[in-house]
Amino acid sequence: MKPRSKLPRRSQRYIGVLLVLQLAAAGILLWLWAAVPADDANTGGPARVKRTPPSPISTCMAAHVDTAWGKVRDEVKAEARASWNCYKNCAFGWDEVRPVACKGLVWAKPPPDGQPEEGSAEHKGIALTLIDALDTLHLMGLHSDFQEAVQYLERNHTFNTPGSVSVFEVTIRILGGLLSAYQLSNETVLLAKAVDLADRLFPGVGSQGLPRKYVDLSNAAREGDAPRPGARGQAPCLAEAGSVSLELLALAELSGQGRFARYARALSGQLYAAEPEDSLWSSALDIEPKTRALWGLAKGKGKATVGGRVDSFLEYTAKLYLRTGEPAHLGVFSRAVSSIERRLVVRVGGRTFLRELHLESSAAGGRAVNRSDHLSCFLPGVYALMLLNCGPACAGPLREVMNRTAVELAETCFLMYSVGSPHLGLAPNAVLFDEKGEIRVGKFDRFNILRPEAVEAWYWLWRWTGDVKYRRWTRCVFESFRTFAKQKTTGGYFGIRDTTKETVKSDIADKMHSFWLAETLKYMWMTFSEPSDILNDGFVRRAPEQPLWVFNTEAHPLSQRRNPSPL
């Protein structure tokens, strides 16, 4: 028998390569067949689609159609207690807590004497989280925790602490927190602390200048801002300069010191005098360095936006009107609403977004950027608040615009959680959108730091419309926070650096910001509570003489006196 001839080695290699290519092609075709929808008419059956795990938000929405809201309210309260216990056990008296490391953090920059951010036993900061959480503890009925915190302030606390702090942040978080807690409890030490703090924050309260950007509370009387390494400029932005008047008016009423009210009114007057012709407010201000007098909005600087650095100024124009009834505030607010609707609201692909205009651009009117940040989610909430309380003064086109846009933007804020973070259900800091209304997340906006603006908006939309979907959205976002952002050992909550990933793992940002207790959990708890159970539902005015509780931008409720004396 003649031996079979062998193929040359080169031919064998060619055949082997061909076999590998054929197998690879077959694998690709099989994958495409499974992943790409097929034409039902050709297959005779349903289209095949790639199976992906459902998002936690969609799973939650499907599971919780009808909910016992009182039970959810108690669950939120339990998480507030757990968060407080984390702060109490790991960092009591410090500014903030690292829930994973179970250590305290100091807020002031730079800390005194070269201390690290963790501070020292002698220097814990100014008790930021403790004060920011006071009214949450009181409203939720955690009275023993509230009293323990008040005793600490009375016996162990001082604002005579070196280091640079933000005047704006200290005002809304600490001054607002002290005033609110005082109104709820009548603990006189809280009012005394508030007056002491205000004198340190606004040492030139009798002048007509804008507030400083940063101040050293231990040496506030010196000229100029306290140095803040790495800060983006030393002049306050619009939101920083325009978001202290609610607190100063409340302080004036409660303390009887009219100088604070006069300064608040002068400040509003300066800012309103700088209103641009088109009423589209932008972030950067031009200030005379020595006197701190406002020259106007900075030309060709900053950005026109509803988000960060402008946001709470717009919010306070509405809330100052609700508190004072003065038409000037409503006028600025209503004109801004019209301008925002014309210039910043974008409706594409059946969705509604808020864009930004970057004014540094040479383009006429600024360069449009299709970016909506989470901070801007406050706007539908303020619209709903005004619809609840503004009455005939907001009738006509203003009412129509607020009603439509509030509902649409609240939906977009929900999409930030359900679409912007499909695996975790936790909204990124901002989303980008295209001409079809599709959402994506930019590289530098993927983080979540437990922000409150969306749940704040949904609370007010629920109060305005009665639509239960806002409660359901809040329930599902609460579940996502509890599942992915809770440190199980200490009970505290942390931020997440990348919300687009499938798991958290090493993407933990180990800090529990004070607004988690002051705002996010408070709005969630209120959403699942009966309105009449909270301050007799004093957030909605039902008679002209009724004193109204108005939240500052840190969710600290501040009430008018029934018959305030002229200040």
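About the thresholds
- Residues numbered from 1 in each chain as written.
- Predicted model: local features only at pLDDT ≥ 70, side-chain atom pairs only at ≥ 80, totals over all residues.
- Heavy atoms only, no water.
- Salt bridge = Lys/Arg side-chain N within 4 Å of Asp/Glu carboxyl O.
- Helix = DSSP H or I, 4+ residues; strand = E, 2+ residues; numbered from the N terminus.
- Buried < 20%, exposed > 50% of the residue type's maximum accessible area, 1.4 Å probe, protein only.
- pLDDT = per-residue confidence, 0-100.
- Contact = heavy atoms within 4.5 Å.
- Pairing = 2+ DSSP bridges.
- Core = buried A, V, L, I, M, F, W, Y, C linked by side-chain atoms within 4.5 Å.
- Axes fitted to C-alpha atoms, helices over the stretch in contact; angles between N-to-C directions.
- Parallel < 35°, antiparallel > 145°, perpendicular 65-115°, else oblique.
- Left-handed = near helix turned anticlockwise from the far one by under 90°.
- Nonpolar A, V, L, I, M, F, W, Y, C, P; charged D, E, K, R; others polar.

Trainee: I'd love a proper account of the pattern of salt bridges, names of residues and values included.
Mentor: Under the defined criterion, the tally for this structure stands at 33 salt bridges. With a shortest N-O distance of 3.6 Å, Glu356 and Lys303 are connected by a salt bridge. Of this pair, Glu356 sits in strand β10 (residues 356-358) while Lys303 sits in strand β7 (residues 303-304); the two residues are 53 residues apart in sequence, bridging distant segments of the chain. The salt bridge involving Arg371 is made with Glu356; its shortest N-O contact spans 2.7 Å. Taken together, the residues span a long stretch of sequence, with Arg371 in strand β12 (residues 371-373) and Glu356 in strand β10 at a distance of 15 residues. Its relative accessible area of 16% is what places Arg371 among the buried residues. Take Glu356: its relative accessible area is 2%, and that puts it in the buried class.

Trainee: Pulling in residues and values, what's your account of the confidence of the model for the protein?
Mentor: Across the protein, the average pLDDT comes to 88, with 84% of residues at 70 or higher. Contacts from residues 111-116, a stretch scored under 50 in pLDDT, to residues over four places away or in other chains number five contacts. Note that residues 562-567 has pLDDT below 50 and, in this model, nine contacts with residues that lie over four places away or in other chains.

Trainee: Residue-level account of the pairing of strand β8 (residues 345-348), with values.
Mentor: The two faces of the sheet receive side chains in turn, since in a regular strand these alternate between them. Two elements, β8 and strand β9 (residues 351-354), share four bridges in a ladder whose sense is antiparallel. By the bridge assignment, Arg347 is partnered in β9 with Thr352. Hairpin connection of β8 to β9: two residues between the antiparallel strands, including Gly349 at a positive phi of 55°.

Trainee: Any chance you could break down the nonpolar core for me, citing the residues and the numbers?
Mentor: Ranked by size, the top nonpolar core spans 174 residues in total, and within it Leu130, Leu190, Met386 and Trp458 carry the most contacts. Examining the composition of this core, we find that eleven residues originate from one element, helix α8 (residues 167-185), more than from any other. Those residues within four positions of Leu190 in sequence are excluded, and the remaining contacts are Leu134, Phe146, Val150, Leu153, Leu178, Ala181, Tyr182 and Ser185.

Trainee: Residues and numbers for the packing of helix α17 (residues 453-465) against helix α18 (residues 469-484), please.
Mentor: The N-to-C vectors of α17 and α18 enclose an angle of 155°; their axes lie 8 Å apart at closest approach. What the angle tells us is that α17 and α18 run roughly antiparallel. In this structure, α17 meets α18 at a crossing whose hand is left-handed. The residues of α18 that touch α17, namely those facing Val455, Trp458, Leu461, Trp462 and Thr465, are Tyr470, Arg471, Trp473, Thr474 and Val477. Here the residues of the contact of α17 with α18 are counted per class, giving seven nonpolar, two polar and one charged.

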